[in-house]
Amino acid sequence: MVNRIDSKTPAWKKGLTRSLLSLAVLTALGSNFGVAQAQEASADTDDSSTATTKEQVTEVIEVRGIRASQAENLAVKRLAGAVVDAITAEDIGKFPDKNVADSLQRVPGVVISRSGGEGAAVSIRGLSSELTFTQLNGNFIASSPGEPSRSFDYALLPSAMISKVEVYKSSEARLDEGGVGGTILLHTRKPLDMDSGSGVMNVEATYADVTDDYEPHFTGVYSWKNEAENFGILLGYTKQDRTNRTLTGSTSDWRWTSQTIKPVDVNGNVVPNKDLIGPIVDATGTKYEGYWVPQVVRAGITNEKREREGIQITPQWQLTDKLEVGINYFGFTLGQDMTLSVLDMPEWSLNPNFVTNMNTDPSNSVITGIDYSAGAAGAQNDMQFPWIRGTYVKEESTSDTYDFNLKYEGDAFTARLVFGHTKAKGGPTESWEAAYKSSNWGEGDKFVENAAQYAGWNMTGDSINMYMDPAIITNLMAGVGGGRDPGSSNSSFVRSTLAETYGQVDLDFNVDFSVFTMIRAGYKYRNGELHRETGNNFFLPKDFDIEGALASGRGINVFDSYQWNGGMPAANKVINTSSEGNIPGGFNINVMPTINWNAYRDMITSNYQLYTRIEDNFVYDITEVINAGYLQGDFEFSSLRGNVGARVVRTETTGASTDLYTYFLDHTDDVTGLPVTGNKRFIEKFDVISQTKTDTNVLPSFNIAWDASDNLVVRGAVAKVMSRPGYGALGSQERISFVSDEWAEDRASFNELPGFRGSGGNKNLKPYESVQSDLSVEYYYGKGSAVGIAVFNKDVDNFVVPLIISSTRDFAGQPGVVPAGPITVSPYSTSGNGSDANSKGVEVFIQHAFENGFGVNANYTHNKTNQANVSVQGEKVGESPLVGSADYQYNLSAYYENDDYSLRASYNKRGEVVGGLANGLNIFSDPYDQVDLNASYSVTETLVATAAVVNLTESESVQRLGNDTDSRFLSSSYSGRRFYVGLNYKF
């Protein structure tokens, strides 16, 4: 066979024809091309030589495994019209990692976040995961747990269904808007691209050191097509049982405490009469002034039982030589039973009746440890802590996506039509909260009993250390202490439904107009709806007349439920008889009492009847109607190629929420000493707020690549991109609480202060906008081998920052409680838009495949962001770097493979990550690194044994408040080291 190239053929195509890169492409594409070449080459030979040629070519071309996959990754990157990285499956049903997100962390500039140790969300080049737009086969796929998010939940999608992932770091007009950070395209398999009767079955077991459980995982993919190869169907199924256990030591609501030094706001200005706690005096009379101190110190253990199931059904028809039709259905369910067991030392612990000693950091400005004693003041006082509480949630999330796609290839154009619907529902079917005090608070006794006579905490390095009287469980079992806390024992839940209907038409015209080879045009319509609701489960006496209460207009409220009517079980009936064990990370503790949730639930459900009320006054809805059109030209000239175009997007957003004012009036009856209930305790007022706004964005883009030689590519890009604000930041209800003087007086020993505080969304948030540019040089010097460097710059406006601020506003008043006039709500948690932010950096990568089977893949990204202004309703409230940005990251993977086995070790590290603002300071995540191992052995040509270790280094995630000191510790979290073994059968 003769390769013929005329003088008009662009240099980059000439280079591809004969270069080592072309071998990589052919290797990655598999045997089909090779067999076709063999058939053509054998046209003038006899039958025996033809058979020999086919066999030889098949043996050479059908290279699988890490090396072939990485060669294809480079081929996609090399030929792309934009700045793109790719990950391809090593074989059917064999993705490089257990989770698609885990594989993406090996891409330069990508950082992932984890849930229960699994990759869950992806951020690109230093921007929040909310700004990474993920699509499945080019369209949005809804994945919504109870709290909705624009981030795609990668834990929902099994990697076996994915054949290729593309990470677009620069934009093209034809790509859907939404990815200021970047766009990730997930591609699934199609039956007409696979051999008939081919597929894979994978059976696997996993074990984690934090659970000591062995659990199964099954995945199957089967593809069939008829003899004419014009109709096929692909079926995929996955089933996984997984126990996740996360151990977290944390603090919350750090504040500056002093009698004479006032706390400051985000600008460093003194705020008079705000949250004064001090002075703190210990039992010796020593006074501590001018310190940062956490309001709560906590040890928490989250146990999750997950049952994940997924199905894919993809029929595909080639109706004529020019017309192809396909249908996709993807259905995923995630069932979850979750318990959270918490041990708190809360705000009322900052009391001179209990404090015996305090430790500070070297600057003497941060409290790093406190020791307590119930008898610090010389007599037994009602210490109440450690506070034993927790949550039980039974939840299910579903995601269903249907789409119809049509492709018509004319003589000089290609037309594509896609329309579909995606819907996700998620939220608890049961949700419980319960809390018990260490003392006998609330039990009506005339004398004080404490189950723990002493307790304490300290922060050392990267963890929280807590201790308490080891007799606490024995005392609780004997009925000493264990006061029931009905105010913290509820059964509320949040559910959400997220849906989108979409339609798109694309036309690609092959042209010969100047330098342009193709003109692309298209239009897309998207109608997205989010509904989020809150509900309450009330457990009522079995003789309670539910219908009568509803018919009378009286209604049913929380004070009719079991916990306010003597129905809450005694502590010694539901506290586990032994301490929680197996705590290899996250925090240190000498004894940890926890609630037996099965026993608690059984006692309530067997003695009370359930009434569920969906709170119409606790909802928010967001509707987005998006119309987008684009025009793009692809060009080639000599050794230059690329595309230029623009996308115009019109977004109409309607947000509606029910805002709530709660007035806490009286806590304890002055005569009886018992908790006040009903309207005398608190009253609620609701206000429905609805707002519609329209934004139009024009998003130009330009990408160019210069094939300087057969192996050298110089690439540049510039574009304007956008992303929409997160659902919670945009739509959350505003909740304002007012604490009366009477309530504060009853809670004075616990430092509860009168006044307003609250939280809420910001319906005036603008969409993120970014003008970004890229310049890179890539050198492809061998099969599966390349090296490159890229620099990038992003100028970002309207980025969203979580804030905790003081908010001054006019108030209509509440008769008999608060007069009309200006009020200050402090603290107030909300979100604001940042402006004039800049993120710039450099990426370096190298990928090398040695001839002896060894290989290496390494990359490094450095990112720098400035301090940008943050405002709420046009008023500057502080400064912040870009939330979600990491200053650096690097990845190193080394592998070896031969015909029988493969081994791979991966090391990933990312630098400090910036979080939102709290108490005037940013939250920072410490640098994090992790080592993972993968291995496989070919038992036969079709059966492969696999093994893996995730988080070999037993790494923990750590957060702090501010980066001026390590002492303001926020949390450390450990989800375990996990082991996998399995069998992969390909047929």
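Refer to the structure printed above.
Here we summarise the structure given alongside this text. Quick caveat, the model's predicted, so the values are computed rather than measured.

### Describing the overall build of the protein
Logical step 1: Helix and strand counts for the protein stand at 12 helices and 48 strands.
Logical step 2: Sorting the 987 residues of the protein into buried and exposed places 55% on the buried side.
Logical step 3: A sequence separation of at least 24 residues applies to 73% of the contacts in the protein between residues at least 6 apart.
Logical step 4: When the accessible surface of the protein is summed, it comes to about 40,100 Å², and 53% of that surface belongs to carbon and sulfur atoms.

### Some remarks on the pattern of salt bridges
Logical step 1: The full count for this structure, using the stated rule, is 40 salt bridges.
Logical step 2: A salt bridge links Lys-77 to Asp-85; the nearest nitrogen and oxygen atoms lie 3.1 Å apart.
Logical step 3: Taking the relative accessible area as the measure of exposure, Lys-77 reaches 9% and is therefore buried.
Logical step 4: Using a relative accessible area of 9% as the deciding quantity, one classes Asp-85 as buried.
Logical step 5: Across the pair Arg-647 and Glu-177 runs a salt bridge whose closest N-O atoms are separated by 2.9 Å. In this pair, Arg-647 sits in strand 27 (residues 640–664) while Glu-177 sits in the loop between strand 5 (162–168) and strand 6 (182–188), placing the two residues 470 residues apart along the sequence.
Logical step 6: The class of Glu-177 is buried, set by a relative accessible area of 4%.

### As for the sheet that holds strand 1 (residues 84–88)
Logical step 1: Judged by pairing direction, the sheet is mixed, and its 4 strands sit side by side in the order 1-5-6-4 without closing on themselves. Both outer strands of the open sheet, strand 1 and strand 4 (132–136), are each paired with one neighbouring strand and no more. Ignoring which end each strand starts from, the neighbouring axes of this sheet average 15 degrees apart.
Logical step 2: The sheet strands contacting helix 5 (residues 66–79) are strand 1 and strand 5, and the helix crosses strand 1 at an angle near 155 degrees.

### Observations regarding the packing of aromatic side chains
Logical step 1: In the structure shown here, the tally under the stated rule is 37 aromatic pairs.
Logical step 2: When the centroid spacing of 5.2 Å and the interplanar angle of 35 degrees are considered together, the rings of Phe-404 and Phe-419 count as tilted. Pair noted here: Phe-404 is in strand 18 (residues 387–409) and Phe-419 is in strand 19 (residues 413–437), with a separation of 15 residues, a long-range link.
Logical step 3: According to the relative accessible area criterion, Phe-404 is partly exposed, its value standing at 24%.
Logical step 4: Ring plane angle 50 degrees and centroid distance 5.9 Å describe the contact between Tyr-896 and Tyr-901, whose orientation is recorded as tilted.
Logical step 5: Ring pairing ties together the aromatic residues Trp-432, Phe-539, Tyr-562, Trp-597, Tyr-600 and Tyr-608, which thus form one cluster.
Logical step 6: Over the ring of Trp-441 we find Lys-437; its NZ or CZ atom is 4.0 Å from the centre of that ring.

### Description of helix 10 (residues 597–607)
Logical step 1: Those residues of helix 10 lying buried are Trp-597, Tyr-600 and Ile-604. The arc that holds every buried residue of helix 10, seen down its axis, measures 65 degrees, which confines them to one face.

### Things to note about the sheet that holds strand 21 (residues 463–468)
Logical step 1: Read across the sheet, 5 strands follow the order 16-17-20-21-25 without closing on themselves; strand pairing throughout is mixed. For this open sheet the edge positions go to strand 16 (355–360) and strand 25 (587–589), each flanked by a neighbour on one side alone. Averaged over all pairs of adjacent strands, the angle between strand axes in this sheet comes to 10 degrees, irrespective of strand direction.
Logical step 2: Where strand 21 and strand 25 come together, 3 bridges link them in parallel fashion.

### Let's talk about the pairing of strand 21
Logical step 1: Buried residues dominate strand 21, accounting for 5 of its 6 residues.
Logical step 2: Strand direction decides the pairing type here: strand 20 (residues 454–460) and strand 21, joined by 6 bridges, are antiparallel. Bridge pairing in strand 21 places Gly-456 opposite Tyr-467.
Logical step 3: If you look at the hairpin formed by strand 20 and strand 21, you'll find 2 residues sitting between the two strands, and Gly-461 has a positive phi there, around 65 degrees.

### Details of the nonpolar core
Logical step 1: In terms of nonpolar packing, the biggest core is built from 63 residues, with Ile-370, Tyr-372, Trp-457 and Tyr-600 touching the most fellow members.
Logical step 2: The greatest single-element share of this core, amounting to 4 residues, is contributed by strand 19.
Logical step 3: Setting aside its immediate chain neighbours within four residues, Tyr-600 contacts Trp-432, Ala-434, Tyr-436, Ser-489, Tyr-562, Met-568, Pro-569, Val-574 and Ile-595.
Logical step 4: Judged by nonpolar contacts, the second largest core, of 27 residues, contains Phe-133, Ala-719, Leu-730 and Tyr-768.

### Overview of a negative patch on the surface
Logical step 1: Together, Asp-669, Asp-670, Asp-741, Glu-742 and Glu-745 make up a region of like negative charge exposed at the surface.
Logical step 2: In this structure, Asp-670 sits in the loop between strand 27 and strand 28 (682–707).

### Observations concerning a nonpolar patch on the surface
Logical step 1: On the surface, Met-201, Tyr-222, Trp-224, Leu-235, Tyr-237, Ile-311, Ile-313, Tyr-985 and Phe-987 cluster together into a nonpolar patch covering about 720 Å² of accessible area.
Logical step 2: If you list the elements that add at least two residues to the nonpolar patch, you get strand 8 (214–225), strand 9 (231–252) and strand 14 (296–318).
Logical step 3: With respect to the element layout, Phe-987 can be found in the segment after strand 48 (978–986).
Logical step 4: Given the relative accessible area of 33%, Phe-987 is considered partly exposed.

### Details of unusual backbone geometry
Logical step 1: Cis rather than trans, the peptide bond between Phe-385 and Pro-386 has omega equal to 5 degrees.
Logical step 2: Its place among the elements puts Pro-386 in the loop between strand 17 (367–373) and strand 18.
Logical step 3: Backbone geometry at Ser-514 places phi at a positive 55 degrees, although glycine is not the residue there.
Logical step 4: On the basis of relative accessible area, Ser-514 is assigned to the exposed category, the value being 63%.

### Notes on helix 5
Logical step 1: Over its 14 residues, helix 5 extends 20 Å from the first C-alpha to the last, a length consistent with the 20 Å expected when each residue adds 1.5 Å.
Logical step 2: Of all 14 residues in helix 5, 12 are buried; the element is thus mostly enclosed.

### Comments concerning the environment of Ser-143
Logical step 1: Structurally, Ser-143 is set in the loop between strand 4 and strand 5.
Logical step 2: Spatially, the C-alpha atoms of Ser-143 and Phe-332 are 9.0 Å apart, while their sequence positions differ by 189 residues.

What counts and how
- Residues numbered from 1 in each chain as written.
- Predicted model: local features only at pLDDT ≥ 70, side-chain atom pairs only at ≥ 80, totals over all residues.
- Heavy atoms only, no water.
- Helix = DSSP H or I, 4+ residues; strand = E, 2+ residues; numbered from the N terminus.
- Buried < 20%, exposed > 50% of the residue type's maximum accessible area, 1.4 Å probe, protein only.
- Contact = heavy atoms within 4.5 Å.
- Areas by Shrake-Rupley, 256 points an atom, 1.4 Å probe, with all protein chains shown as cover.
- Salt bridge = Lys/Arg side-chain N within 4 Å of Asp/Glu carboxyl O.
- Pairing = 2+ DSSP bridges.
- Axes fitted to C-alpha atoms, helices over the stretch in contact; angles between N-to-C directions.
- Phe/Tyr/Trp six-rings, centres within 6.5 Å; stacked < 30°, edge-to-face > 60°.
- Lys NZ or Arg CZ within 6 Å of the ring centre and 35° of its normal.
- Arc of directions from axis to C-beta.
- Core = buried A, V, L, I, M, F, W, Y, C linked by side-chain atoms within 4.5 Å.
- Patch = residues over 30% accessible without salt bridge, like charges linked within 9 Å, V, L, I, M, F, W, Y side chains within 5 Å.
- Lys, Arg positive; Asp, Glu negative; His and termini not counted.
- Charge placed at Lys NZ, Arg CZ, Asp CG, Glu CD.
- Expected span 1.5 Å × (residues − 1).

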